[in-house]
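Residue-level structural notes
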Amino acid sequence: MFACFSCIRVPRNSSTLLLRSLPGLCSIRNVHRTGILLSEGVNDASVPATPSCVSFFGQWPEEDRTTFVKDMRVLDRFIDEKEEGSLLEEIEPYLKRLRYEFDHWDDAIHGYRETERKHWYPANRAILDRIVSIAFEGTAMPYVHVLDLAEEGVIKPHVDSVRYCGNTIAGVSLLSDSVMRLVRTNDEEQTNAEYRQIFSQERHIKYWADVLLPRRSLYVMKHTARYKYTHEILPAKESLFRDKLIKKTRRISIICRNDP
């Protein structure tokens, strides 16, 4: 079931005030992407995760499932093709000067290059301001993280260090669809180097969710989704969502965070 069904369309250039005057409403349009039915919506912080973008596995306690859909949200088609092109135009010249790395200080990412930017072109700054107004209760950190994951790159299961950011992460996905997996974990498993083996061996007692991140969508991960679940981007050959292979190519994410 979708979270809401009101067929009210709000133009992309409508004011923030108008968006905030329609809490809980979203415009639903059926579209097909890689054989999966998705929803398109105008969302604010009160709207939960798009159910069509989330698949649950294992025996979820009802309370945890309810909290998860509130703390892990996907806003499909958050930006359009022109806005994606504008973001790429700004960051590509710098990224092209970097080489993909295949080691990481905590072994969480392979096949990546990254940078941080504080100053953006005005049009792109407006996109980032939209992210902040939707995802954060207050302000975000001034530096925006840009993560470029190669087609063969992977982000392994991990929980982001609480030393470097606060309770919310919000990222726009460019160039490719992908699948994020979040697995309920505990403090010991969060730092265990053999996490994949733990998940494989004890899969029957785990519960997790696969979240489809369509190209040009925004995901907002906060509170329990940040601290109580590992998250990863599935590699191309494992990138399945509801038994459909999601073609993952090179993926760039523009990520905003708040202060610890």
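Residues numbered from 1 in each chain as written. Predicted model: local features only at pLDDT ≥ 70, side-chain atom pairs only at ≥ 80, totals over all residues. Heavy atoms only, no water.

Glancing now at the pattern of salt bridges. Taken as a whole and judged by the stated rule, the model has 10 salt bridges. Note that R184 is salt-bridged to D64, the shortest N-O span being 3.6 Å. Here D64 lies in helix α2 (residues 62-71) and R184 lies in strand β8 (residues 178-184), a separation of 120 residues in the sequence. Taking the relative accessible area as the measure of exposure, R184 reaches 25% and is therefore partly exposed. According to the relative accessible area criterion, D64 is buried, its value standing at 19%. A salt bridge links D210 to R181, with the shortest nitrogen-to-oxygen separation between them at 2.7 Å. (Salt bridge = Lys/Arg side-chain N within 4 Å of Asp/Glu carboxyl O. Helix = DSSP H or I, 4+ residues; strand = E, 2+ residues; numbered from the N terminus. Buried < 20%, exposed > 50% of the residue type's maximum accessible area, 1.4 Å probe, protein only.)

A few words now on helix α3 (residues 81-95). In an α-helix there are 3.6 residues to a turn, and that puts residues three or four apart on one side. For α3, built from 15 residues, the straight-helix expectation of 21 Å at 1.5 Å per residue is met to within 8% by its first-to-last C-alpha distance of 20 Å. Its maximal kink placed at E89, α3 deviates by approximately 30°, while the proline P93 follows within four residues. E83, E84, S86, L87, L88, E90, I91, E92 and L95 are the residues of α3 that are buried. In this structure, the buried residues of α3 make contact with β5 (109-117), α4 (122-135), β6 (144-158), β7 (168-174) and β14 (251-257). A distance of 3.2 Å separates the backbone nitrogen of K82 from a side-chain oxygen at the start of α3, and that oxygen is part of D80. (Expected span 1.5 Å × (residues − 1). Bend = angle between axes of the 7 residues up to and from the residue. Contact = heavy atoms within 4.5 Å. Polar contact = N/O pair within 3.5 Å; in protein donor to acceptor, adjacent residues only side chain to side chain.)

As a further point, take the side chain of S217. Tracing the chain through its elements places S217 in the loop between β9 (208-213) and β10 (218-222). Using a relative accessible area of 0% as the deciding quantity, one classes S217 as buried. Every residue in contact with S217, bar those within four places of it in the chain, is listed here: V74, L75, D76, R77, F78, G171, V172 and S173.

Enumeration according to the criterion identifies 7 aromatic pairs in this entry. Each ring, one from F57 and one from W208, has its centre 5.4 Å from the other, and the planes form 10°; the classification is stacked. Of this pair, F57 sits in strand β3 (residues 54-57) while W208 sits in strand β9; the two residues are 151 residues apart in sequence, bridging distant segments of the chain. Among the aromatic residues, those joined into a ring-pair cluster are F56, W60, F68, Y207 and Y229. Between the NZ or CZ atom of R65 and the centre of the ring of F56, over which it lies, the distance is 4.1 Å. Directly above the aromatic system of F78 lies the positively charged group of R130, at a separation of 4.7 Å from the ring centroid. (Phe/Tyr/Trp six-rings, centres within 6.5 Å; stacked < 30°, edge-to-face > 60°. Lys NZ or Arg CZ within 6 Å of the ring centre and 35° of its normal.)

With 31 residues, the main nonpolar core has F68, M72, L182, V211 and Y219 as its most contacted residues. When residues in this core are grouped by element, the largest group, 4 residues, is from β9. Look past the residues within four positions of L182 in its chain and what remains in contact with it is F68, M72, W208, A209, V211, M221, A225, Y229, T230 and H231. With 26 residues, the next largest nonpolar core counts L128, A140, L218 and C256 among its residues. (Core = buried A, V, L, I, M, F, W, Y, C linked by side-chain atoms within 4.5 Å.)

Taken together, the side chains of E101, D103, E114 and E116 define an acidic patch exposed on the protein surface. Of note, E101 is situated in the loop between α3 and β5. (Patch = residues over 30% accessible without salt bridge, like charges linked within 9 Å, V, L, I, M, F, W, Y side chains within 5 Å. Areas by Shrake-Rupley, 256 points an atom, 1.4 Å probe, with all protein chains shown as cover. Lys, Arg positive; Asp, Glu negative; His and termini not counted. Charge placed at Lys NZ, Arg CZ, Asp CG, Glu CD.)

Below, the discussion takes up the environment of R65. Assignment of secondary structure puts R65 in helix α2. Separated by 143 residues in sequence, R65 and W208 place their C-alpha atoms 9.7 Å apart. Those residues in contact with R65, other than ones at most four positions away along the chain, are F56 and W60.

Here we come to the confidence of the model for the protein chain. For the protein chain, the mean per-residue pLDDT works out to 78, and 72% of the residues sit at or above 70. Contacts of residues 1-49 to residues separated by more than four positions or lying in other chains number 95 contacts, the stretch itself having pLDDT below 50. (pLDDT = per-residue confidence, 0-100.)

This part covers the packing of α3 against α4. Relative to each other, α3 and α4 sit at 115°, their axes nearing to 9 Å. The angle between the axes of α3 and α4 places the two elements in the roughly perpendicular class. Every pair of crossing elements has a handedness; the one defined by α3 and α4 is left-handed. Facing α3, whose interface residues are E83, S86, L87 and E90, α4 presents A123, N124, I127 and R130. Looking at the contact of α3 with α4 residue by residue, the classes come out as 3 nonpolar, 2 polar and 3 charged. (Axes fitted to C-alpha atoms, helices over the stretch in contact; angles between N-to-C directions. Parallel < 35°, antiparallel > 145°, perpendicular 65-115°, else oblique. Left-handed = near helix turned anticlockwise from the far one by under 90°. Nonpolar A, V, L, I, M, F, W, Y, C, P; charged D, E, K, R; others polar.)

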